[in-house]
Amino acid sequence: MEEIKEFSPEVCREIGYYVYRLVDPRNGQTFYVGKGKNNRVFAHAKCALKNYTDVDYNPEEDDDESLKYRTIREIKEAGLEVIYIIERYHLSERDAFLIESVLIDTYSIKRELTNKIKGYESTESVNALTLETLFNISEYDDSPNNPQYVIIKVKDYWLNQRENRYECTRSSWKVDINKIRKYQYVLSVTYGVVKAVYKVTEWHKTEWGRCEFTGVKAEPEIEKLFIGKKIPAKYRQRGNANPVLYCKAN
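Read on for a plain summary of the structure. All figures in this text were calculated on a predicted structure; none of them were measured in a lab.

A few words on the side chain of Asp24. Relative to the assigned elements, Asp24 resides in the loop between β1 (17-23) and β2 (30-36). Setting aside anything within four residues of it in sequence, one finds Asp24 in contact with Gln29, Phe31, Thr71 and Ile75.

Here we take up the pattern of salt bridges. Note that side chains of opposite charge can pair when their charged atoms are close. This structure, assessed with the given rule, holds 11 salt bridges. Its salt-bridge partner being Asp24, residue Arg26 comes within 2.6 Å of it at the nearest N-O pair. For Asp24, a relative accessible area of 4% puts it in the buried group. In this structure, Lys199 engages Glu219 in a salt bridge whose closest nitrogen and oxygen atoms are separated by 3.0 Å. Highlighted residues: Lys199 in strand β6 (residues 193-205) and Glu219 in the loop between β7 (211-217) and α8 (220-226), separated in sequence by 20 residues. Look at Lys199 and you get partly exposed, because its relative accessible area is 27%.

To continue, consider the packing of aromatic side chains. For the structure shown, the criterion picks out 13 aromatic pairs. Taking the centre distance of 6.0 Å and the plane angle of 80° together, the rings of Tyr166 and Phe213 count as edge-to-face. Note that Tyr166 is positioned in helix α6 (residues 165-170) and Phe213 in strand β7, a separation of 47 residues in sequence. With respect to class, Tyr166 is no different from Phe213; both count as buried. Among the aromatic residues, ring-to-ring pairing joins Phe7, Tyr18, Tyr20, Tyr32, Phe42 and Tyr84 into one connected group. Against the face of Phe97 rests Lys35, its NZ or CZ located 4.4 Å from the ring centre.

Reading the values: rules and limits
Residues numbered from 1 in each chain as written. Predicted model: local features only at pLDDT ≥ 70, side-chain atom pairs only at ≥ 80, totals over all residues. Heavy atoms only, no water. Helix = DSSP H or I, 4+ residues; strand = E, 2+ residues; numbered from the N terminus. Contact = heavy atoms within 4.5 Å. Salt bridge = Lys/Arg side-chain N within 4 Å of Asp/Glu carboxyl O. Buried < 20%, exposed > 50% of the residue type's maximum accessible area, 1.4 Å probe, protein only. Phe/Tyr/Trp six-rings, centres within 6.5 Å; stacked < 30°, edge-to-face > 60°. Lys NZ or Arg CZ within 6 Å of the ring centre and 35° of its normal.

In structure tokens form, the structure reads like this:
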């Protein structure tokens, strides 16, 4: 069956906001869920191959390049095409947000998605035992004597898709390189709990303009301050989708 590459202007005018899935033809798995209008659904595959802009899509604002684009390139290299599924259309923008959120939560449970950002007003899916445990973990002491650090939130399903926690934590973030270079340590956090602490050797820019660091495990006395403890409540506020949090400045 011939694969469509874009909607006609007539279709764009008719369908309004919609929610879509990108499906890998090699295994039938949904690897990305999004919302948009016009030709937003097709922008990802085009941006995986070359620069692409659309009235509804700016690749500079896309937080999902590394995993999503890798999947798209692998599909292309196999001589295949991404399958585009439109789940709902004729939607208001708010309804599109909500439906996108539900689908992201659903497919995230299966650990299939390359989405880094969770859906609108979404919480992290977690089993009941884990939730009970999390709420009983104490916070680390948010002391002014702590070394300067940033928090980077790592989703647990990323760990199934990349090499290890260090690789998931270090790259690649849309931050001010001059600002983040002031921070010596990085706390790698999942479900609000510090899982690892890295001492930064260098912050630098990637080829696509984002920031990443190279580093090593922090000293044992620094790890002891944070690992296995919850980040303070002010950093766990509902609706804060920013994956990078600056916790102490000069």
